[in-house]
Amino acid sequence: MEIKVKILRFNPETDKRPHYQTFRVEAEPTDRVLDLLEKIKGYQDGSLAFRRSCAHGICGSDAMRINGMNRLACKTLVKDLSKGTITVEPLLGLSLIKDLIVDMDPFFEHYESVMPYLVNDEPPPLKERLQSPEERERFDDTTKCILCAACTTSCPSFWSNGRYVGPAAIVNAHRFIFDSRDRAGAERLRILSDQFGVYRCHTIFNCTLACPREIQITKAIGEIKRAIATGSLD
Amino acid sequence: MAAKFQTWWQGLRYRGGGTMVAWLLHRIGGLAMVIFVGMHVFASFLTQQFGSGFGTTLNIIYQSPYFQAPLYFFVIFHALNGFRIILLDTFPKLLEYQREVTWLQWMVFIPLYGLVVFFIIAGIVSGE
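Not measured: the values here are computed from a predicted model. Here the residue index of a chain counts from 1 through its sequence in written order. Whichever chain is written first becomes A and whichever ligand is written first becomes 1, with later ones labelled in order. Given that this is a predicted model, residues contribute local features only at a pLDDT of at least 70 and side-chain atom pairs are listed and counted only at 80 or more, while totals for whole chains, interfaces and linings are drawn from all residues. Excluded from the side-chain calculations are hydrogens and water; all other atoms, namely the structure's heavy atoms, are used.

Draft legend 1. Highlighting the overall build of chain A. Segments assigned H or I by DSSP are reported as helices when at least four residues long, segments assigned E as strands when at least two residues long, and all are numbered from the N terminus. A count of helices and strands for chain A gives eight helices and seven strands. Its C-alpha atoms give chain A principal-axis dimensions of roughly 60 × 35 × 30 Å. For chain A, the proportion of its 234 residues judged to be buried stands at 54%. As displayed, chain A has an accessible area near 10,900 Å², and 49% of this comes from carbon and sulfur atoms. For the purpose of charge, His is not counted, nor are the chain termini; Lys and Arg are scored as positive and Asp and Glu as negative. Note on charges: their place is set at NZ of Lys, CZ of Arg, CG of Asp or CD of Glu. Here chain A carries 33 positive and 32 negative side-chain charges, and the mean point of each set is 4 Å from the other. Buried residues are those whose accessible area, probed at 1.4 Å on protein chains only, stays under 20% of the maximum for their type, while exposed residues exceed 50% and partly exposed ones sit between those limits. Throughout, the Shrake-Rupley method with a 1.4 Å probe supplies accessible areas, and for residues the shown protein chains are the sole cover considered.

Okay, structure coming up:
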């Protein structure tokens, strides 16, 4: 079947503002949006710019707005989208570099600000630092993040103020705050209680709906808000 | 060079679903209440201090059913939605059931607002 793909294009060397361009592509219902973009780039317009890497929903490179909602192009099938034209646009809230490529630097700066690594200066035991299955289960959901930025760039609070750390950074802070082996939870909670921390979240749920890994992001943010308010991780 | 091309319209077009609509209505409701309270204080001030006809006109506007009906909508929605958010923030475990909680909010809102609309229409019909 033939499908119309409407893409928001922007070439910083020639365009003052982004504009839409529509392509007609032969596609199967089981094709992914990434396949359509590859066909356009390969056979119709080689100048089309977008990020992709593993193409299997793990690297998080190809997050973009597809039919008005943040999704991974490699995990979105044509048959799961409404009939007619498929609209593909870059993520909101980040600066546009070219076509579907946005500047991810602010996103990763926020990510780094929450210390997304294990901190434990205690002498290590002879074998590994043991953890019970229950303790591991406590933060299992937030280990699934692939840093695609679909959540952060779906958040109206982030659109209105780019200094907000955003859902992805909070999810990755949650992953270590609730890790029984980590010792820097209090420091992370201090960072997140800042005016651009968790309290910028207005429980809108766009992040949870946009997450391609189905992480309960708003719940993770809620747990951190509660931990800050009560001073307890229980 | 990277540049930001972001507009209000692009944000409003984002398909966030029912909870994003609830957030938008919550914000609009907050503004509606500020306008109502502002008008009320301003009209009372003008009427009491100067016996102004303009104050009476403002009173007539905000007491009209066309102003009251949307105002009640926003006030009741704002209150219920605020209660839902407080509940979810206080008990994060409930966030797993946010869809159900949102439906529950509408199930309380619809009969409550329906009652208000009934009384407004009854007032119009009886000419009060």
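Draft legend 2. A look at the sheet that holds strand β1 (residues 2-9) of chain A. Residues and elements named next belong to chain A. Read from one edge to the other, the open sheet built from five strands follows the order β2-β1-β5-β3-β4, with strand pairing classed as mixed. Two strands lie at the open edges of the sheet, namely β2 (19-26) and β4 (69-72), each paired on one side alone. Across the sheet, the mean angle separating the axes of adjacent strands is 35° when strand polarity is ignored. Two residues qualify as a contact provided that any one of their heavy atoms is within 4.5 Å of a heavy atom in the partner residue. Axis lines are fitted to C-alpha atoms, over the contacting stretch for helices. Their N-to-C directions set the angle, which ranges from 0 to 180 degrees. The strands touched by helix α1 (residues 33-44) are β1, β2, β3 (63-66) and β5 (86-89); relative to β2, the strand with the most contacts, the crossing angle is about 95°. Two strands pair if DSSP finds at least two bridges between them.

Draft legend 3. View of the interface of chain A and chain B. With 37 residues of chain A at the contact, the number on the chain B side is 27 residues. In short, buried area is how much 1.4 Å probe accessible area vanishes from two parts on joining, totalled over both. A combined buried area of about 2,800 Å² lies between chain A and chain B, and 57% of that area is made up of carbon and sulfur atoms. Sorting the residues of chain A by area buried against chain B places W159, F205 and K219 of chain A first, and these three jointly supply 19% of that buried surface. Think of a salt bridge as a Lys or Arg side-chain nitrogen and an Asp or Glu carboxyl oxygen that are within 4 Å of each other. Where chain A packs against chain B, one counts three salt bridges.

Draft legend 4. Highlighting the pairing of β4 of chain A. All names here are of chain A. Pairing analysis gives four bridges linking β3 to β4, with the strands arranged antiparallel. What sits directly across from A63, in β4, is L72. The turn joining β3 and β4, which pair antiparallel and follow one another in sequence, is formed by two residues; a positive phi near 50° is taken by N67.

Draft legend 5. Representation of the side chain of S157 of chain A within the structure. Tracing the backbone shows S157 of chain A in helix α4 (residues 156-160). In contact with S157 of chain A, other than residues within four places in its own chain, are Y164, R200, H202 and I204 of chain A.

Draft legend 6. Spatial organisation of a nonpolar patch on the surface. Each patch groups residues whose relative accessible area exceeds 30% and which form no salt bridge, using 9 Å between like charges and 5 Å between nonpolar side chains of Val, Leu, Ile, Met, Phe, Trp and Tyr. Together, W103, L104, M107, V108 and L112 of chain B line one region of the surface with nonpolar side chains, adding up to about 540 Å² of accessible area. Position of L112 of chain B relative to the elements: it lies in helix α5 (residues 98-126).

Draft legend 7. Main features of the pairing of β3 of chain A. All names here are of chain A. The two faces of β3 match: A63 and R65 on one face and M64 and I66 on the other face are all buried. Where β3 meets β5, two bridges bridge the pair, whose relative direction is antiparallel. Note that in β5 the partner of R65 across the bridge is E89.

Draft legend 8. Region of interest: unusual backbone geometry. Residues and elements named next belong to chain A. Positive phi, close to 55°, is recorded for L147, a residue that is not glycine. Among the secondary structure elements, L147 is positioned in the loop between α3 (133-137) and α4. When its relative accessible area of 19% is taken as the criterion, L147 is described as buried. In this structure, T203 is a non-glycine residue whose phi angle is positive, near 55°. The residue T203 is located in the loop between α6 (185-192) and α7 (206-210) in this model.

Draft legend 9. Highlighting the domain arrangement of chain A. All names here are of chain A. Domain extents, as shown, originate in an automatic or database domain assignment. Segmentation of chain A into domains returns domain 1 (2-102) and domain 2 (105-230). One C-alpha centre belongs to domain 1, the other to domain 2, and the line joining them spans 29 Å. Taken residue by residue, the interface counts 13 residues in domain 1 and 15 residues in domain 2. The contact between domain 1 and domain 2 buries some 1,100 Å² in all, and 65% of this surface belongs to carbon and sulfur atoms. The largest contributions to the domain 1 side of the interface with domain 2 come from N70, L92 and L94, which together make up 40% of the buried area. Summed over the shared surface of domain 1 and domain 2, the number is zero salt bridges.

Draft legend 10. Up close: the nonpolar core. Residues and elements named next belong to chain A. The criterion is simple. A nonpolar core is a set of buried Ala, Val, Leu, Ile, Met, Phe, Trp, Tyr and Cys residues joined through side-chain atoms within 4.5 Å. By size, the foremost hydrophobic cluster in this structure holds 64 residues, and its most contacted members are I7, L37 and L192. Considering every element that reaches this core, the biggest residue donor is helix α5 (residues 166-177), with six residues. When residues of this core are assigned to domains, at least three map to each of domain 1 (2-102) and domain 2 (105-230). If sequence neighbours within four positions are ignored, L192 has contacts with V114, V165, I170, A173, I177, G197, V198, I224 and I228.

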